[in-house]
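# Breakdown of the fold
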Amino acid sequence: EWDGMFAYYYQGSQESDNRKELRVYDASGNTIWAIDNFAEKITALQFYKDILVVGTENKRVFAYDARTGEQKGLVDLNKQLYHASLHIYDSGSGDLIIDTGANSVFMVDYEAWALTGAVYETVGYCPALKRIISSTGTTENKYGYCRYYSVQDLVEKGKAFVGEQTMSADELATYGLN
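Since we're looking at a predicted model, the values are computed, not measured. (Residues numbered from 1 in each chain as written. Predicted model: local features only at pLDDT ≥ 70, side-chain atom pairs only at ≥ 80, totals over all residues. Heavy atoms only, no water.)

Let us look at the side chain of Asp-95. Note on placement: Asp-95 falls in strand S9 (residues 95–99). Nearest to the buried, unbridged Asp-95 among oppositely charged side chains is Lys-130, at 10 Å. With residues up to four places along the chain from it excluded, the contact list for Asp-95 reads Tyr-89, Asp-90, Met-107, Val-108, Asp-109, Tyr-110, Thr-116 and Tyr-148. (Helix = DSSP H or I, 4+ residues; strand = E, 2+ residues; numbered from the N terminus. Buried < 20%, exposed > 50% of the residue type's maximum accessible area, 1.4 Å probe, protein only. Lys, Arg positive; Asp, Glu negative; His and termini not counted. Salt bridge = Lys/Arg side-chain N within 4 Å of Asp/Glu carboxyl O. Contact = heavy atoms within 4.5 Å.)

Moving on to the packing of aromatic side chains. Summed over all chains, the structure comprises 7 aromatic pairs. Note on Phe-6 and Tyr-25: the rings are 5.2 Å apart at their centroids and 25 degrees apart in plane angle, and the pair reads as stacked. A residue pair is termed long-range when its members are at least 10 positions apart, and Phe-6 in strand S1 (residues 6–11) and Tyr-25 in strand S2 (residues 20–25) qualify at 19 residues. Centre to centre, the rings of Tyr-48 and Tyr-110 are 5.9 Å apart; their planes meet at 75 degrees, and the pair counts as edge-to-face. Placement of Tyr-48 in strand S4 (residues 42–48) and of Tyr-110 in the loop between strand S10 (104–109) and strand S11 (114–120) is noted, with a sequence separation of 62 residues between them. A single burial state applies to Tyr-48 and to Tyr-110, both of which are buried. An aromatic cluster is present here, built from Trp-33, Phe-38, Phe-62 and Tyr-64 joined pairwise through their rings. The residue whose ring lies beneath Lys-49 is Tyr-110, and the NZ or CZ to ring-centre distance is 5.4 Å. (Phe/Tyr/Trp six-rings, centres within 6.5 Å; stacked < 30°, edge-to-face > 60°. Lys NZ or Arg CZ within 6 Å of the ring centre and 35° of its normal.)

The next thing to look at is the pairing of strand S12 (residues 122–126). When S12 meets strand S13 (residues 131–135), the two strands line up antiparallel, connected through 4 bridges. For Thr-122, the partnering residue across the bridge sits in S13 and is Ser-134. Connecting S12 to the next strand, S13, in antiparallel fashion are 4 residues, including Lys-130 with a positive phi near 55 degrees. (Pairing = 2+ DSSP bridges.)

What follows deals with the pattern of salt bridges. Here the structure, examined in full by the defined rule, presents 5 salt bridges. For Arg-23, the salt bridge is made with Glu-21, and the minimal N-O distance between the two is 3.6 Å. Taking the relative accessible area as the measure of exposure, Glu-21 reaches 14% and is therefore buried. Residue Asp-90 is joined to Lys-49 by a salt bridge in which the shortest nitrogen-to-oxygen separation is 3.4 Å. A residue pair is termed long-range when its members are at least 10 positions apart, and Asp-90 in strand S8 (residues 87–90) and Lys-49 in the loop between S4 and strand S5 (51–56) qualify at 41 residues. By relative accessible area, Asp-90 is classed as partly exposed at 40%. What makes Lys-49 partly exposed here is its relative accessible area of 46%. Residues participating in the shared-partner salt-bridge network are Glu-21, Arg-23 and Asp-36.

Of note in the backbone geometry, Lys-49 takes a positive phi value of approximately 50 degrees without being a glycine. Here the phi dihedral of Lys-130 falls at roughly 55 degrees; this positive angle occurs in a residue that is not glycine. Here Lys-130 lies in the loop between S12 and S13. Judged by its relative accessible area of 29%, Lys-130 falls in the partly exposed class.

Moving on, we come to the sheet that holds strand S3 (residues 31–35). Strand order in this open sheet of 3 strands is S1-S2-S3, and the pairing throughout is antiparallel. Each end of this open sheet is capped by a strand with a single partner; those strands are S1 and S3. Averaged over all pairs of adjacent strands, the angle between their axes in this sheet comes to 20 degrees, without regard to strand direction. Across 6 bridges, S1 lies against S2 in antiparallel orientation. Bridge pairing in S2 places Phe-6 opposite Tyr-25. (Axes fitted to C-alpha atoms, helices over the stretch in contact; angles between N-to-C directions.)

The following block contains the structure:
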C-alpha cells in the first residue's frame, strides 16, 4: 500500500481463464489504472516512492508511475525471480537496492531506471549497515559482507587514491579517454 493506494494482480487459474490483470486501486476500492492483459506472470509488487515496482517470472522488473500507470522503466535482472518477495531499499545516493529473496541483490538507478550493479549468491541486503551479506556456502556457514558503494562513492574513493596523478596522453588514447 502506498499513499492510500494498493496494487492487485490476478492470474486465471483455469485453462479457460487466461487473464493476467494488474490493477491499482484507491483506498475506496476504485480502480485508478489497470493493465488488463499483462504479458508476463507477476511474482512481486511493491510501491516505492511514486512508482509501483513489478517483478516478473521472466527476470524483469518494471517501474510504473503509481498514480497514472505510465511505464517509467524496465530492467532485465538476468536472474530468475523465484520468490514473491521483492525488497526495495533506498541507498541514499540515487540507487535502489533490490533484494530478490532469491540469493541476488541488484542496484538500479532510480532516475534512469537502469541496472548499475549486481551481486549473486548472497544472503541478502542489510539496509541498517548498507551491507550485502554473503555466505561461504559450506557446511561451516561462515558469513561475510561487502559494503554498498554508489558509483559516486567509488569515483570519490578513486580520486582520493590517485590524488593529483594524471594519465599521459598515450594512456588516455589507449583507453579512449582523450
